[in-house]
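# Working through the structure, step by step
The lines below spell out each chain.
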Amino acid sequence: MEEEIRKEFMEMIKLLDEGKLQEFKQKATECPPVDIAEGLEEIEDEGRVLRVFRMLPKDISSDVFSYMTSEQQQLIAESATNAELKALVDDMFMDDTVDFLEEMPANVVKKVLQNADEGTRKTINQFLNYPENSAGSLMTIEYVDLHDYFTVRKAMDYIRRTGIDKETVYTCYVIDDQRRLVGQVSLRKLIIAPESACIRDIMDTNIVSAATTDDQEAVADDFRRYDLTSIAVCDKEGRLVGIITVDDAIDVMEEE
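Scope of this entry: the structure provided in the associated data block. None of these values were measured; they are calculated from a predicted model. Note on numbering: residues in each chain are counted from 1, in written sequence order. Given that this is a predicted model, residues contribute local features only at a pLDDT of at least 70 and side-chain atom pairs are listed and counted only at 80 or more, while totals for whole chains, interfaces and linings are drawn from all residues. Side-chain descriptors were evaluated using all non-hydrogen atoms of the structure, hydrogens and water having been removed beforehand.

### What about the overall build of the protein chain?
The helix and strand tally for the protein chain stands at 16 helices and six strands. We compute the radius of gyration over the C-alpha atoms and compare it with the globule rule, which gives 2.2 Å times the number of residues raised to the power 0.38. Its C-alpha atoms give the protein chain a radius of gyration of 20 Å, within 12% of the compact-globule value 18 Å for 256 residues. Dimensions of the protein chain, computed from C-alpha atoms along their principal axes, come out at roughly 60 × 40 × 35 Å. Out of the 256 residues in the protein chain, the part that is buried amounts to 46%. Throughout, a contact is declared for two residues whenever any of their heavy atoms are within 4.5 Å. Partitioning the intrachain contacts of the protein chain with sequence separation of at least 6 by distance along the chain shows that 63% fall at a separation of at least 24. Per-residue and other accessible areas were derived by the Shrake-Rupley procedure at a 1.4 Å probe size, with only the shown protein chains allowed to occlude residues. For the protein chain, the computed accessible surface area is about 14,000 Å², with 45% contributed by carbon and sulfur atoms. Both charge centroids of the protein chain, one from 29 positive and one from 56 negative side chains, sit 7 Å from each other. Only DSSP runs of H or I reaching four residues or more are called helices, and only runs of E reaching two or more are called strands; each is numbered from the N terminus. The rule is simple: take the accessible area with a 1.4 Å probe, protein chains only, and divide by the maximum for that residue type; under 20% is buried, over 50% is exposed, in between is partly exposed. Charge assignment: positive for Lys and Arg, negative for Asp and Glu; neither His nor the chain ends contribute. Taken as the charge centre is NZ of Lys, CZ of Arg, CG of Asp or CD of Glu, depending on the residue.

### Re the pattern of salt bridges
Here, a salt bridge means any Lys or Arg side-chain nitrogen found within 4 Å of an Asp or Glu carboxyl oxygen. For the coordinates displayed, the defined rule picks out 17 salt bridges. Glu-42 is the salt-bridge partner of Arg-6, the closest N and O atoms lying 3.2 Å from each other. With Arg-6 in helix α1 (residues 3–17) and Glu-42 in the loop between α3 (33–41) and α4 (46–55), this pair connects stretches of sequence that are 36 residues apart. Looking at Arg-6, the relative accessible area reads 24%, which means it is partly exposed. Residue classification places Glu-42 among the partly exposed positions, given a relative accessible area of 39%. Across the pair Arg-54 and Glu-84 runs a salt bridge whose closest N-O atoms are separated by 3.4 Å. With Arg-54 in helix α4 and Glu-84 in helix α7 (residues 82–91), the pair connects residues that are 30 residues apart, well separated along the chain. Look at Arg-54 and you get partly exposed, because its relative accessible area is 36%. Via salt bridges that share partners, Glu-3, Arg-6 and Glu-42 belong to a single interconnected network.

### Points about unusual backbone geometry
Backbone geometry at Asn-133 places phi at a positive 65 degrees, although glycine is not the residue there. Of note, Asn-133 is situated in the loop between α10 (118–128) and α11 (135–138). Taking the relative accessible area as the measure of exposure, Asn-133 reaches 37% and is therefore partly exposed.

### A closer look at helix α16 (residues 246–255)
Residues separated by three or four positions in an α-helix point in the same direction, a consequence of the helix having 3.6 residues per turn. Here α16 has its buried residues at Asp-248, Ala-249 and Val-252. One face of α16 carries all of its buried residues, which in axial projection span an arc of 100 degrees. Those residues of α16 that are buried lie in contact with α8 (94–102), α11, α15 (216–226) and β6 (240–245). Taken from the helix axis, the directions to the C-beta atoms give the arc we talk about.

### Concerning the side chain of Ser-62
Summarising the element assignment, Ser-62 is placed in helix α5 (residues 58–67). Residues contacting Ser-62, with those up to four places away along its chain left out, are Leu-88, Asp-91 and Met-92.

Take a look at the structure:
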């Protein structure tokens, strides 16, 4: 951990120790989640780790959690109340949740599944059943999908309404009535296109995609080869089921 980042983190912790909770939360909001996670990694006292994590603003705690070591994630999960754990999982992107659970013992996985709603539980189980190191196990389901019959105006309204919960809105994937992937369109193109234009008339049909069973290293190679920021993942019928973003592909490249 770089000295300047460590100094910022320790100043933040000092505010908490002095009981200056509002100042602590403001400082935490200004600090990148990955830096907070690295700072927590240097704290040996588990009780202190728990206290700092529980005091983090709710809108950043799930991001910090996704960057924590599996050992500290297990500590948090085992110590959290059912309500705290549910709130944490609800705020995390699905791929981060799956990455976390893949490293956890059975008792933690069971606790998470018991506190997830039926839809989330079904999705988590589906992800956990994908082969290890496959595109399916790496993908996220938080993406923007547009029907090919949408107008640009309807597409933009849909993005404004749902985009806050998506990992990326810069590339939108186009599907037909059977959810088969038929194209993609960039946010830039949507912004400059006439509002009355139909998505199927402006979408790019020359797209790179992956199958759920593809090896994640092959997918990472596609990111390098075609300079992608995200890639669509389809099932064996060609239906769009998720996307992989470049940050996850970079993680695979680093592992290689």
